[in-house]
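Descriptive structure summary
Listed here are the chains, written in short residue letters.
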Amino acid sequence: MRDWSQLPNDLLVTIFSRLELPDLVYLGAVCTSWHFSYLTVRQFRLCSPNQSPYLVYSSSDPNETRLQLYRKAILSSDPSSSTNKDCTVLLKHWPWEHLSFARVGVDTKWTWLHASDRCVHYHDIFHSDCDQLFYAIRSNGEIHTIDLNNTQSSPVVKVILGAFPRFNPYTKYILRAPWGDLLQVWRHYGSPPSESDDDIPESDDEEQQSNGHVVAEEEGDGEVHPVRRRDKLTVHKVDVAKQKVTEIKDLQDHALFIGFNHTFMVHAPEFPNLRPNCVYISDDNIENIYCYPFRGRQFSCLDLADGTLTDLPFPDSLLHWPPPVWFRPHLT
C-alpha cells in the first residue's frame, strides 16, 4: 500500500496550482498534509487563472436558500470584483438603463452618470485595461467610452460609434475580443418556456420574428398550428474608424458567453467540454423573467459556422429565481 499522504508538498503544490477550483477544494479535504498544500496554493495565489465557465443557478433541491454551480460536462463572466482601492464600480439601473458609479476610497455615495441626455438605455458595459475606459453600448447601437479616472472632474463620455440608421429591436452586448477587436452581439429573444406549450414545434423562420412569442403557421392540412420562436443571435466586428459593423462567424477558436453577467470569451481548445466558435447563452430576457418568475429558463449553444442552436442539458430547477448567470471562479 502506498501512502499518498506522504507525497512531497512542493509536488502537491505544483499539481494543485493547475487544477480547476472544484477539484482543488475536493483534494484539499483528502487529508491533513494535502490540506496544507491546498492552503499554500491559496495563500500565495497560485491557483490557475484559466478556470472553465460555470453557471450559477437555483438548485433543484427544495431548500429555497441554496444555489448550485453547473459546469458543462457538466460549464464559468469574470466577477471583476476587487479589493483594490482604485476600483471603480459601475451599476446599471432599471427600467431606463441609467448608470451610476462609485470609486472605492474616493466617493462616499453613488453618482448618476448624466454627462449628456444620451446617457440612458445602456444594454451592456465592459472595462478595458488597455486604456482604462469603460465601453458601453446603447439600445440603438451607439457605443460610448466613459472616463471615470479623474476624481477631480466630472466623467467624460464620448460617442465612438453612431447609432444605427434604422430601428434595431435586438438586445446588444459588447466586449473586447482577446485578439483586440471590438465586438457587438445582437440577440432577438425567442419564445419563453411554459408548461402549456412543451409540445409546440419550433421555428427559425425570420418572417415569424416580428409579432408575439408564439406565432401561427398554416400547414398542408389547411389548419393553423402554433409554432415556438427560437432566439436569433449574430456577432459583429466594430470598425470605429469606418463607423460600421460587420457580421462575423469566426471567433478564432474561442467560445463566447452571454447572459445577465459581463460578456466574456475563453479559448475553447483549453477546455475539452467547450466547442470553439460557439456562443453559450443563458436566459436574460427581463420581460419574461420578471413577469413569469416561475417559468423555466433557457440555456442554449449557437454554432456560428452553421447557425444551429441547441439546448444545453442543464437540469431543470424547482426554482427559477434568481436568474442564471455565467461566471469564472477564483480564489484570489
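First, a word on what this report is: a plain description of the structure on this page. Being a predicted model, the structure only gives us computed values, none of them experimental.

On to the sheet that holds strand E4 (residues 98-103). Strands belonging to one sheet form pairs held by backbone hydrogen bonds; the direction of such a pair is parallel or antiparallel. Pairing is antiparallel in the open sheet, where 3 strands are placed in the order E3-E4-E5. On the outer flanks of this sheet lie strand E3 (88-93) and strand E5 (111-112), each paired with one strand and no other. In this structure, E4 lies alongside E5, joined through 2 bridges in antiparallel fashion. Within the sheet, the bridge partner assigned to Ser 100 lies in E5 and is Trp 112.

Let's shift gears to the sheet that holds strand E16 (residues 244-248). Pairing in this open sheet of 4 strands is antiparallel, and the strands run E10-E11-E15-E16 from one edge to the other. The sheet terminates laterally at strand E10 (171-176) and E16, the two strands that pair on one side only. Geometrically, the sheet is characterised by an average inter-axis angle of 30 degrees between neighbouring strands, direction not taken into account. In the sheet, strand E15 (residues 232-239) pairs with E16 via 5 bridges, with the strands oriented antiparallel. Bridge pairing in E16 places Val 235 opposite Ile 248.

Every buried residue of helix H1 (residues 9-16) is listed here: Leu 12, Val 13 and Phe 16. Each buried residue of H1 lies within a common arc of 100 degrees when the element is viewed along its axis, so the set occupies one face. Taken together, the buried residues of H1 touch helix H2 (21-28) and helix H3 (32-43).

In contact at an axis separation of 9 Å, H1 and H3 are set at 55 degrees when each is read in the N-to-C sense. It follows from the interaxial angle that H1 and H3 lie oblique. Here the hand of the crossing between H1 and H3 comes out right-handed. Residues Asn 9, Leu 12, Val 13 and Phe 16 of H1 lie in contact with H3, whose contacting residues are Trp 34, Phe 36, Ser 37, Tyr 38, Thr 40 and Val 41. Residues that form the contact of H1 with H3 fall into these classes: 7 nonpolar, 3 polar and no charged.

Quick look at the side chain of His 236 now. Tracing the backbone through its elements, the reader meets His 236 in strand E15. Among the polar contacts listed, one links the side chain of His 236 to the side chain of Thr 234, at a separation of 2.7 Å. Those residues in contact with His 236, other than ones at most four positions away along the chain, are Leu 182, Leu 183, Gln 184, Trp 186, Val 245, Thr 246, Glu 247 and Ile 248.

Right, let's get into the environment of Leu 175. Within the fold, Leu 175 resides in strand E10. When its relative accessible area of 3% is taken as the criterion, Leu 175 is described as buried. When the C-alpha atoms of Leu 175 and Asp 124 are compared, they prove to be 8.7 Å apart, with 51 residues separating the residues in sequence. Leave out the neighbours within four places in its chain, and Leu 175 touches Phe 126, Asp 181, Leu 182, Leu 183, Val 185, Leu 256, Thr 263, Phe 264 and Met 265.

At the junction of Trp 94 and Pro 95, the peptide bond is cis and its omega measures out at 5 degrees in the coordinates. As for its placement among the helices and strands, Pro 95 is situated in the loop between E3 and E4. Despite not being glycine, Arg 45 shows a phi value in the positive range, around 50 degrees. Structurally, the position occupied by Arg 45 is in the loop between H3 and strand E1 (54-58). With relative accessibility at 56%, the residue Arg 45 sits in the exposed group.

The next thing to look at is the nonpolar core. Membership of the largest hydrophobic core comes to 18 residues, with the highest contact counts inside it found for Val 185, Leu 233, Val 235, Leu 256, Ile 258 and Val 279. Secondary structure elements with two or more residues in this core: E10, strand E11 (182-188), E15, strand E17 (254-258) and strand E19 (278-282). Residues within four places of Leu 233 in sequence aside, it is in contact with Val 185, Trp 186, Arg 187, Ile 258, Val 279, Ile 281 and Leu 302. Formed by 16 residues, the second largest nonpolar core is a distinct cluster that contains Leu 55, Tyr 57, Ala 255 and Cys 301.

One pass over the structure, following the stated rule, counts 8 salt bridges. Here Glu 247 makes a salt bridge to Lys 249, at a shortest N to O gap of 3.4 Å. Overlapping salt bridges bring together Arg 118, Arg 138 and Glu 142 as one network.

Conventions and cut-offs
Residues numbered from 1 in each chain as written. Predicted model: local features only at pLDDT ≥ 70, side-chain atom pairs only at ≥ 80, totals over all residues. Heavy atoms only, no water. Pairing = 2+ DSSP bridges. Helix = DSSP H or I, 4+ residues; strand = E, 2+ residues; numbered from the N terminus. Axes fitted to C-alpha atoms, helices over the stretch in contact; angles between N-to-C directions. Buried < 20%, exposed > 50% of the residue type's maximum accessible area, 1.4 Å probe, protein only. Arc of directions from axis to C-beta. Contact = heavy atoms within 4.5 Å. Parallel < 35°, antiparallel > 145°, perpendicular 65-115°, else oblique. Left-handed = near helix turned anticlockwise from the far one by under 90°. Nonpolar A, V, L, I, M, F, W, Y, C, P; charged D, E, K, R; others polar. Polar contact = N/O pair within 3.5 Å; in protein donor to acceptor, adjacent residues only side chain to side chain. Core = buried A, V, L, I, M, F, W, Y, C linked by side-chain atoms within 4.5 Å. Salt bridge = Lys/Arg side-chain N within 4 Å of Asp/Glu carboxyl O.

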